[in-house]
Amino acid sequence: RTIPQAAALDALLADRGRVIVIALVVHADEVVRRLSGRGRADDEAYVIKERLAVYSRETEPVLDYYRHRRAVTILDGNRPIDLVRGGNVIAPIVA
């Protein structure tokens, strides 16, 4: 997502209360490792790295947008995948 999309969402939901964002943060190397092991054609390491670059450039600024509104909870996705998959990720990192 982008900041203009976030602002549009805020406007759309203004009468419904506050937007709350939950971000699952995982180191780039771990993302590449996990996704490249799935065996899909678009999960080549270079493709994943490009998707991460687009995320960093276009989507990551949205977290700052919502941080300024104190609406972000960041969860640690670097934990073992079985804990993340099992829903035990409620180990917030200071937002």
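The structure we're discussing is the one just above.
Residues numbered from 1 in each chain as written. Predicted model: local features only at pLDDT ≥ 70, side-chain atom pairs only at ≥ 80, totals over all residues. Heavy atoms only, no water.

Caption draft 1: How the structure looks around the layout of surface pockets. Reported here for the largest pocket is a volume of approximately 570 Å³. Forming the walls of the largest pocket are 20 residues, and the residues nearest its centre are L24, V25, V26, V31 and L52. Broken down by secondary-structure element, the contributors of at least two residues to the lining of the largest pocket are β1 (21–25), α2 (28–36), α3 (45–67) and α4 (81–85). Taken together, R1, T2, Q5, A6, L9, V19, V21, Y55, T59, V62, L63 and Y66 make up the full set of residues lining the second largest pocket. When contributions to the lining of the second largest pocket are tallied by element, the ones reaching two or more residues are α1 (3–12) and α3. The greatest single-element share of the lining of the second largest pocket, amounting to five residues, is contributed by α3. A per-class count over the lining of the second largest pocket returns eight nonpolar, three polar and one charged. (1 Å grid on protein atoms, 1.4 Å probe; cavity = no way out; pocket = protein on both sides within 12 Å on 5 of 7 lines; lining within 4 Å. Points joined across faces, edges and corners; volume = space filled by probe spheres on them. Helix = DSSP H or I, 4+ residues; strand = E, 2+ residues; numbered from the N terminus. Nonpolar A, V, L, I, M, F, W, Y, C, P; charged D, E, K, R; others polar.)

Caption draft 2: Looking closely at α3. The largest bend in α3 comes to about 45 degrees, at S56. Among the residues of α3, those classed as buried are I48, V62, L63, Y65 and Y66. Those residues of α3 that are buried are in contact with α1, β1, α2 and β2 (72–76). (Bend = angle between axes of the 7 residues up to and from the residue. Buried < 20%, exposed > 50% of the residue type's maximum accessible area, 1.4 Å probe, protein only. Contact = heavy atoms within 4.5 Å.)

Caption draft 3: Expanded view of the packing of aromatic side chains. As enumerated under the stated definition, the model contains one aromatic pair in all. Note on Y65 and Y66: the rings are 4.9 Å apart at their centroids and 90 degrees apart in plane angle, and the pair reads as edge-to-face. The aromatic ring of Y65 is capped on one face by R69, whose charged end is 3.6 Å from the ring centroid. (Phe/Tyr/Trp six-rings, centres within 6.5 Å; stacked < 30°, edge-to-face > 60°. Lys NZ or Arg CZ within 6 Å of the ring centre and 35° of its normal.)

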